[in-house]
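Observations on the model geometry
Chain by chain, the residues run as shown.
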Amino acid sequence: YKQQVFKILDRKKTKIVFNSLWLEKLSAQDLIKLASYSSVAQLLARADFKQRFEAQREIRLHEFIYPLLQAYDSVHLAADVELGGTDQKFNLLLGRELQVAFKQTPQVIIMTPLLEGIDGINKMSKSLGNYIGINESPKEMFGKIMSISDELMYKYYELLTDEDLAEIRGLHPMEAKKALAQRIVSDFHGIKE
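This is a predicted model, so every value here is computed, not measured.

Formed by 16 residues in total, the largest nonpolar core has its most connected members in Met141, Ile145, Ile148, Met153, Tyr156, Tyr157 and Leu180. Elements supplying a minimum of two residues to this core: α8 (138-146), α9 (150-160) and α11 (173-189). Filtering out sequence-adjacent residues up to four positions away, Met141 remains in contact with Ile132, Gly133, Ile134, Glu136, Ile184, Val185, Phe188 and His189.

Written out as structure tokens, the structure is:
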């Protein structure tokens, strides 16, 4: 993960910490107290929980605890900003609420849209095999970008570059896709590659 993240973040300005440092110190009593800051109704308001509950599909107890622990990360770190995908909105907002309960200033949350993988359907995910890995070879990365649909290509431009989308739409789709692939490969591997 470090090898990947430091292609994006400045190593000298980044401190990596693992939440196991504080979570493993929580006692059963601490966990029960933490759980008292949220209600079952509040957790069931989360879209995926709500859908599963209405469809009478099981929701395991640990799935309720996870958002609380993620929210507690914000408290422990006294986070002032937290970045996450739109799929993390509930957890990010819960972090803000928990910070208020712990007498902290609530963090600003910044959410980014999810990027569909090369299948054009599901969010990009290694487990689904529809991802473009930033550590993949330039040839592999280029090929995967060239395999995406034209419509998805425009979304990649919008989310991954600062190019003028109107200008890009004026190009032939094949030329636009080649330019996108070259841009992304050069961002992670350099212009020479």
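More follows now that the structure is in view.
Here we take up the packing of helix α6 (residues 61-77) against helix α7 (residues 89-101). The interhelical angle for the contact between α6 and α7, taken along N-to-C directions, is 55°, at an axis separation of 8 Å. In this view, α6 runs oblique relative to α7, as classed from their interaxial angle. Where α6 crosses over α7, the two elements pack in a sense that is right-handed. Every residue of α7 that contacts α6 at Tyr66, Pro67, Leu68, Gln70, Ala71, Tyr72, Ser74 and Val75 is listed here: Phe90, Asn91, Leu92, Leu94, Gly95, Leu98 and Gln99. For the contact of α6 with α7, the residue count by class is 10 nonpolar, five polar and no charged.

Along the chain, Ser38 falls in the loop between α3 (28-35) and α4 (40-44). The class of Ser38 is buried, set by a relative accessible area of 14%. At 2.7 Å, the side chain of Ser38 forms a polar contact with the side chain of Gln42. Once residues lying within four places of it in the same chain are set aside, the contact partners of Ser38 are Leu43, Leu68 and Leu94.

Further remarks concern the packing of aromatic side chains. How two aromatic rings sit relative to each other is given by the distance of their centres and the angle of their planes. Scanning the entire structure with this criterion turns up three aromatic pairs. Both rings, one in Tyr37 and one in Phe102, keep their centres 5.2 Å apart while their planes meet at 45°; by these two values the pair is tilted. Residue Tyr37 is located in the loop between α3 and α4, and its partner Phe102 is located in the loop between α7 and β2 (108-112); the two are separated by 65 residues in the primary sequence. In this structure Phe102 comes out as partly exposed when scored by relative accessible area, which is 31%. Where Phe49 meets Phe64, the ring centres are 5.1 Å apart and the plane angle is 85°; that geometry is what we call edge-to-face. Highlighted residues: Phe49 in helix α5 (residues 47-54) and Phe64 in helix α6, separated in sequence by 15 residues. With a relative accessible area of 13%, Phe64 lands in the buried category. Members of the aromatic cluster, connected to one another through ring pairs, are Tyr37, Tyr72 and Phe102. Note that Arg46 overlies the ring of Phe49, its terminal NZ or CZ placed 4.2 Å from the centroid.

Cut-off values and rules
- Residues numbered from 1 in each chain as written.
- Predicted model: local features only at pLDDT ≥ 70, side-chain atom pairs only at ≥ 80, totals over all residues.
- Heavy atoms only, no water.
- Core = buried A, V, L, I, M, F, W, Y, C linked by side-chain atoms within 4.5 Å.
- Buried < 20%, exposed > 50% of the residue type's maximum accessible area, 1.4 Å probe, protein only.
- Helix = DSSP H or I, 4+ residues; strand = E, 2+ residues; numbered from the N terminus.
- Contact = heavy atoms within 4.5 Å.
- Axes fitted to C-alpha atoms, helices over the stretch in contact; angles between N-to-C directions.
- Parallel < 35°, antiparallel > 145°, perpendicular 65-115°, else oblique.
- Left-handed = near helix turned anticlockwise from the far one by under 90°.
- Nonpolar A, V, L, I, M, F, W, Y, C, P; charged D, E, K, R; others polar.
- Polar contact = N/O pair within 3.5 Å; in protein donor to acceptor, adjacent residues only side chain to side chain.
- Phe/Tyr/Trp six-rings, centres within 6.5 Å; stacked < 30°, edge-to-face > 60°.
- Lys NZ or Arg CZ within 6 Å of the ring centre and 35° of its normal.

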